[in-house]
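Working through the structure, step by step
Listed here are the chains, written in short residue letters.
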Amino acid sequence: MDITAIYPGTFDPVTNGHIDIIARAARLYNEVIVAVAVNSNKSPLFDIAQRVALLEEVTANFDNVRIVGFDNLLVDFAKQQNAGVILRGLRAISDFEYEFQLAGMNRRLSPDLETVFLTPAEQYEFISSSMIKEIARLGGDVSSFVAKVVQDGLIEKFNRG
Ligand code: ADP
């Protein structure tokens, strides 16, 4: 079956955990759309253009992965993109409650869209964008958690103050 999957998130910034999920999805689905939420209420460190550009760089080797920004309701955006599946990553039990609620709400809003959860390889399970930002802000080494371009972007952000 020709299924397009949409992988929504803030990706502030993209980590190796996100990339692991994207790589798994790219093997499962015809097309994977990484949908980057503008999410101004979360006051992201990287603006939408920067988050999209970083994702484009780190996914350049996948020919069935596309990066797009969005600022409307996810189920509406998924419909516009003809996606049949919403993809989310699950790390630990702590992700479960929020993800379960989100999946339930999206099903109420759009019953034909299925939410599918993928788990990353275990070395990525503890990585989160917020923790990466905190480590980088305090001058720690994030090179084993994010791509080089992302690391450079973080260093630039925090060196500028
Ligand atoms: P959001 O603000 O929507 O939670 P994120 O960019 O933090 O956006 O995460 C997007 C999706 O990727 C979520 O489903 C999240 O659980 C998942 N995710 C985040 N980090 C990882 C990781 N290290 N391994 C697997 N999935 C992850």
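It should be noted that the structure appears before, not after, this text.
Residues numbered from 1 in each chain as written. Predicted model: local features only at pLDDT ≥ 70, side-chain atom pairs only at ≥ 80, totals over all residues. Heavy atoms only, no water.

What follows is about empty space enclosed by the protein. The full count for this structure, using the stated rule, is one cavity of 30 Å³ or more. What the largest cavity holds in volume is close to 30 Å³. Pro8, Leu74, Ile86, Arg88, Glu99, Leu102, Ala103, Asn106 and Thr115 are the residues that line the largest cavity. Those elements that place two or more of their residues in the lining of the largest cavity are strand 4 (85-89) and helix 4 (93-109). It is helix 4 that contributes the most residues to the lining of the largest cavity, four residues altogether. (1 Å grid on protein atoms, 1.4 Å probe; cavity = no way out; pocket = protein on both sides within 12 Å on 5 of 7 lines; lining within 4 Å. Points joined across faces, edges and corners; volume = space filled by probe spheres on them. Helix = DSSP H or I, 4+ residues; strand = E, 2+ residues; numbered from the N terminus.)

On to the site of the ligand. Taken together, 17 residues lie around the ligand, and Tyr7, Thr10, Lys42, Gly89 and Ile127 are the ones closest in. His18 places a side-chain nitrogen or oxygen 3.2 Å from an oxygen atom of the ligand. In isolation the ligand exposes 550 Å². Once the protein is present, 91% of that is buried. In this structure the site holding the ligand corresponds to the largest pocket. Each residue belonging to the shell around the ligand can be placed in one class, and the counts come to seven nonpolar, five polar and five charged. (Near = heavy atom within 4 Å. Polar contact = N/O pair within 3.5 Å; in protein donor to acceptor, adjacent residues only side chain to side chain. Areas by Shrake-Rupley, 256 points an atom, 1.4 Å probe, with all protein chains shown as cover. Sits in = over half its atoms within 2 Å of the grid points. Nonpolar A, V, L, I, M, F, W, Y, C, P; charged D, E, K, R; others polar.)

Let us look at helix 5 (residues 129-137). Listing the buried residues of helix 5 in full gives Ser129, Ile132 and Ala136. One side of helix 5 carries all its buried residues, which in axial view fall inside an arc of 60°. For helix 5, the elements touching its buried residues are helix 1 (16-28) and helix 6 (148-159). In the segment just after helix 5, Gly139 is the residue with positive phi, at about 85°. (Buried < 20%, exposed > 50% of the residue type's maximum accessible area, 1.4 Å probe, protein only. Arc of directions from axis to C-beta. Contact = heavy atoms within 4.5 Å.)

On the surface, a cluster of nonpolar side chains totalling about 290 Å² of accessible area is made up of Leu73, Met105 and Leu109. Here Met105 shows up in helix 4. (Patch = residues over 30% accessible without salt bridge, like charges linked within 9 Å, V, L, I, M, F, W, Y side chains within 5 Å. Salt bridge = Lys/Arg side-chain N within 4 Å of Asp/Glu carboxyl O.)

Right, let's talk about the packing of helix 2 (residues 48-58) against helix 6 for a bit. Each pair of packed helices gets described by two things: the angle between the helix axes and the distance between those axes. One can describe the packing of helix 2 onto helix 6 by two numbers: an axis separation of 10 Å at closest approach and a directional angle of 150°. Here helix 6 runs roughly antiparallel to helix 2, going by the angle between their axes. From helix 2, Gln50, Leu54, Glu57 and Val58 reach across to helix 6, where they touch Val149, Val150 and Lys157. For the contact of helix 2 with helix 6, the class distribution of residues is four nonpolar, one polar and two charged. (Axes fitted to C-alpha atoms, helices over the stretch in contact; angles between N-to-C directions. Parallel < 35°, antiparallel > 145°, perpendicular 65-115°, else oblique.)

A sheet is described by the order of its strands in space; here five strands give the open sequence 3-2-1-4-5, paired in parallel fashion. The sheet terminates laterally at strand 3 (65-70) and strand 5 (114-118), the two strands that pair on one side only. Shown here is a sheet whose adjacent strand axes are inclined to one another by a mean of 30°, direction ignored. The sheet contact formed by strand 1 (residues 4-9) and strand 4 spans two bridges and is parallel. Of the residues in strand 4, the one forming a bridge with Ile6 is Ile86. In the packing of helix 4 onto the sheet, the strands contacted are strand 4 and strand 5, and the crossing angle to strand 4 comes to about 170°. (Pairing = 2+ DSSP bridges.)

How two aromatic rings sit relative to each other is given by the distance of their centres and the angle of their planes. Counting across every chain of the model gives four aromatic pairs. Between Phe70 and Phe77, the aromatic rings sit 5.0 Å apart at their centres with planes inclined by 15°, giving stacked as the arrangement. Classification of Phe77 as buried rests on a relative accessible area of 6%. A ring pair is formed by Phe96 and Phe100, whose centres lie 5.2 Å apart and whose planes are at 25°; its orientation type is stacked. Here Phe96 and its partner Phe100 are both found in helix 4, four residues apart, which amounts to about one turn of the helix. (Phe/Tyr/Trp six-rings, centres within 6.5 Å; stacked < 30°, edge-to-face > 60°.)

So, to be careful, I would describe these as geometric facts and stop short of saying anything about function.
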